[in-house]
Amino acid sequence: MQLKANRWDARYFQMAFQVTFLCYGFIFLHWGTEWLNYFLFIGTGLLFQFIANSIDKRKFSITSLALGGSWKSVLVSCLSLCLLLKTNDWYICIAASAVTIFSKYIFRYKGKHIFNPSAMGIAAVVYLSGNAWISPGQWGSNMVLFFAIICLGCIVVTKVQKLDVTIAFLGTFAALLFARQIVYLGWPTDFFVQSVTTGGLLLFSFFMITDPKTTPDHPVARIVWAITVAAVAFYLTAFKFINGAPIWVLVCSQPLVPVLDHFFKAKRFEWEKPFLELRSLL
Amino acid sequence: MKKKIALVSAIIIAAPMLYSFCGFYVSKADTTLKNKTSQVILVRDGNRNVITMYNDFKGDTKDFAMVVPVPVTLQKSDVKVVDQGLFQRLNDYSAPRLVEYYDENPCDGSYKRKDFSSNMAAIKSVSLGSVNEDKAEREYHVKVEAQYIVGEYDIIILSAKESNGLKNWLTDNGYKIPKGAEEVLDPYIKSNLKFFVVKVNEAEKKKLPGNFLRPIQISFNSPKFMLPIRLGMANADGDQDLIVYAFTKKGRIECTNYRNVNIPTGNKIPLFVQKNFGAFYDNLFTYQWNKENQDVSFLEYAWDVSPQNFMKCDPCIATAPSEQDVVQAGVWWLNKDWTDYSDVNEQEEGDGTSPNVHFTRLHFRYNRNHFAQDLMFQVTPNKENYQARYVITHPATGSFTCDAGKKYLQDLKKRRRGELNELTALTGKDIETWQNMAEVKNDGENVKDAAYASLIDQSKEERQSGNRSIAGFVLLGAAVLGTGAFMRSKGIV
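Calculation criteria
Each chain has its residues counted from 1, following the order in which its sequence is written. By the order in which they are written, chains take letters starting at A while ligands take numbers starting at 1. Reporting in this predicted model follows two pLDDT cut-offs: at least 70 for local features of residues, and 80 or more for side-chain atom pairs to be given and counted; totals over whole chains, interfaces and linings ignore these cut-offs and use all residues. Based on all heavy atoms of the structure, the side-chain values leave hydrogens and waters out of the count. Here a strand is any run of E in DSSP of at least two residues, a helix any run of H or I of at least four, and the numbering for each starts at the N terminus. Polar contact is the term for a pair of N or O atoms within 3.5 Å; when the atoms are in protein, one must be able to donate a hydrogen and the other to accept it, and sequence-neighboring residues count only if both atoms are side-chain atoms. Only heavy atoms enter the contact rule, under which two residues are in contact if any of them lie within 4.5 Å. Relative accessibility under 20% of the residue-type maximum defines a buried residue, over 50% an exposed one, and the middle range a partly exposed one, all with a 1.4 Å probe and only protein chains included. Here, any two strands with at least 2 DSSP bridges between them count as paired. Geometry of aromatic contacts follows a simple scheme: Phe, Tyr and Trp rings, the Trp one being its six-membered ring, pair when their centres are within 6.5 Å, and the pair is stacked under 30 degrees between planes, edge-to-face over 60, tilted otherwise. When the NZ atom of lysine or the CZ atom of arginine is within 6 Å of a ring's centre and also within 35 degrees of its normal, the charge is said to sit over that ring. You can read pLDDT as the predictor saying how much it trusts each residue, on a scale of 0 to 100. Note on definitions: salt bridges are taken to be side-chain nitrogens of Lys or Arg within 4 Å of carboxyl oxygens of Asp or Glu. Nonpolar residues are Ala, Val, Leu, Ile, Met, Phe, Trp, Tyr, Cys and Pro. Charged residues are Asp, Glu, Lys and Arg, and all others, Gly as well, are polar.

Student: Any chance you could break down the side chain of Asn201(B) for me, citing the residues and the numbers?
Tutor: Residues and elements named next belong to chain B. Tracing the chain through its elements places asparagine 201 in the loop between strand E10 (194-200) and helix H4 (202-207). At 3.0 Å, the side chain of asparagine 201 and the backbone nitrogen of glutamate 204 are in polar contact. Excluding residues within four positions of it along the chain, asparagine 201 makes contact with Ile149, Glu152, Tyr153 and Asp154.

Structure (structure tokens):
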């Protein structure tokens, strides 16, 4: 999959959509009480990125944050935390940001980080601290149309989103749910519709699993990998009743990505111009 | 356990109530069974579940039978009956509350604060009857997994291969199946659920004093943390209310497949609401429920009720549930020798070592259109206390001749206009709806100038100008977006 020429970095659009969702939550879903969490996720995320970047380059400079172009990725990751992670403790917010950012620098293979930063941050604090959780029901189901339009809009506008991953994941997951809920168990259609239209699932499919930095480079490997993630997530959701299964499966499956990259060689994805990418490899 | 309790049930809404369990009633006669408010206690830790279902069956209990889908075959030791007063106590303790404050007279005055509880209990009595004996049949592809008597109930655990068999078995054994139940039976059978069929055992019933059916409590291990409401919709007309009282070790529970909304709390409302708090809350709930598009789970109360936590509510409107109540509700990890609760799983990890108990009260109003799925829950580590609490403030007494007193009267008027607007915002009812109540003499002569009835018109004006500013913001937002889009399309940005 080639990167088409695009005037704007795709991450600007991602951020814009994530902020839109956050505003939707603020205005319609009463999320206003969590503003401190959002502030902490984003503020400490940027701070940690600055620290990590400085250490990585052995150079402390205020401009290093902006020059790396990494602030966009940081904001996208931190906005994902805002949209998915729930906690009552300020230190959990900081811990989540820290794991999100530092995991990019600690777990890396051949210059590519292994774990999706926000998925890693979420999984780590939910499992290790026991004081954070994911709220699968927080979106309700009446925002689906809004959500779908926004997500599709995002893809159409940016063209850079790895639509193949989203389609492979969401398609497999939805197809398996359909087979189980409608064909096998015989629930009415609205039962199935409610299962696949949760905001969390769509957010995951469009904004988390698609992160081109942590998916296999080769299109075939990427699709096979997305289908596998979907199948395992479906099994855990439908038979083991685990909430937020896609995120756990994503984190657990990411060590496979370097293996797949080894066998399926393809051009590495780059967010921007090559020289900036080289810079971040230093 | 055998206390004589003749009156049961308290549900906060003083409207007429219908009822359904999470299962459905199958009636033997043509009695029309109506449902409205169910109450369920859920206790969950790890994979262990204890579910207690309140029974306020009305009508001839000869016709009483109940079917609840359960994930495993329950043995006799997994089923028990509990004291009916338990639900009343939990409801009283966690119901939305009104708090009273007293203003201080700025000219002299002493400050008082009093907690006032308004308990909107509706009391109903239940009569008893008997049901026929029942036989296991093989030709229906229905298997009787277990059969026993617990308290006043005959219990059969059925498993079925297909819904027709189950339906025929029930029909041929003299039960009337509600319309629409068959479609929902099928998915449950295929999910490998068992059916917990309960009837009243006449002989056992006669041994008991009182004229009521006690709540049934079931315990089992399952990773599924859910309530099967879909069966209950089979014989429900319209909307049904469900109150869930949950106890966990870690923190609040929340719904995972419907949105969780906290019911508004802490609002200052006019003094006259005190006279009819039940109607106020009913209006509030209905309005908020419609505003949230109906498909939500409302949080009404959440508190740390661990034995070592002495502040179980603030303000308390009723006695907090005792340790015994909590154990009876099914909290096995508090279980001690003094209870008769013998059916706990002793292998449970951390047994007896963690005395934390967190209580959650959720309020659902469901209907077929907005609730396609059963209610799924999760235990979260959210330990924050929460209560639905509304504040009324009494004006100061005495005369306000001093300068501060005159200012106080002005402030009082302003505050009361705010209270009237708050009332409209919470209940969605225009202020005229409350006019009669507002016009009743609410307070003394000294605050005549600030009487609610005289402030209604002013508060209405205030609200309309408020609406205008909201409309302004919306227009402004649209304009900014429009400009952005235009600039983008022209390639300016």
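Student: Which residues make up the pairing of strand E4 (residues 65-70) of chain B, and what values go with them?
Tutor: Residues and elements named next belong to chain B. Of all 6 residues in E4, 6 are buried; the element is thus mostly enclosed. Every second residue of E4 is oriented toward a common face, with Ala65, Val67 and Pro69 on one face and Met66, Val68 and Val70 on the other, all of them buried. Pairing analysis gives 6 bridges linking E4 to E10, with the strands arranged antiparallel. Pairing of valine 70 across the sheet is with lysine 194, part of E10.

Student: Would you mind going over helix H12 (residues 245-253) of chain A in detail, with residue names and values included?
Tutor: Of all 9 residues in H12(A), 8 are buried; the element is thus mostly enclosed. Those residues of H12(A) lying buried are Ala245(A), Pro246(A), Ile247(A), Trp248(A), Val249(A), Leu250(A), Val251(A) and Ser253(A).

Student: Summarise the environment of Phe206(A); cite the residues concerned and give the values.
Tutor: Position of Phe206(A) among the secondary structure elements: in helix H10 (residues 199-208). For Phe206(A) and Ile167(A), which are 39 residues apart along the polypeptide, the C-alpha to C-alpha distance reads 9.2 Å.

Student: Give a description of the packing of aromatic side chains that names residues and reports values.
Tutor: Scanning the model with the defined rule gives 37 aromatic pairs over all chains in all. Measuring from ring centre to ring centre gives 5.3 Å for Phe107(A) and Phe115(A), while their planes differ by 90 degrees; the resulting arrangement is edge-to-face. Judged by relative accessible area, Phe107(A) falls into the partly exposed class, the value being 34%. Residue Phe115(A) is classed as buried on the basis of its relative accessible area of 12%. One aromatic cluster is present, built from ring pairs that chain together Tyr54(B), Phe87(B), Tyr93(B), Tyr245(B), Phe247(B), Tyr301(B), Trp303(B) and Phe359(B). Between the NZ or CZ atom of Arg48(B) and the centre of the ring of Trp332(B), over which it lies, the distance is 5.9 Å. Residue placement shows Arg416(B) over the ring face of Tyr452(B); its charged tip is 4.2 Å from the ring centre.

Student: Please give an account of the confidence of the model for chain A that cites residues and values.
Tutor: Residue and element names in this part refer to chain A. Mean pLDDT over chain A: 81, with 80% of residues reaching 70 or higher. Scored below 50 in pLDDT, residues 1-6 makes 12 contacts in the model with residues more than four places away or belonging to other chains. Taken together, the stretch residues 273-282 has pLDDT below 50 and engages in 9 contacts with residues farther than four places along the chain or on a different chain.

Student: Just give me the short version of the interface of chain B and chain A, but keep the residues and values in it.
Tutor: If you look at the interface, chain B gives 33 residues, while chain A gives 32 residues. One can count 1 salt bridge joining chain B with chain A. At the junction of chain B and chain A, the tally comes to 13 residue pairs in polar contact (both at pLDDT 80 or more). Those elements that provide at least two residues to the side of chain B that touches chain A are helix H3 (181-190), strand E14 (253-255), strand E15 (259-262) and strand E19 (375-379) of chain B. Top element by residues in the side of chain B that touches chain A is H3(B). It accounts for 5 residues. The residue makeup of the side of chain B that touches chain A, split by class, is 11 nonpolar, 9 polar and 13 charged.

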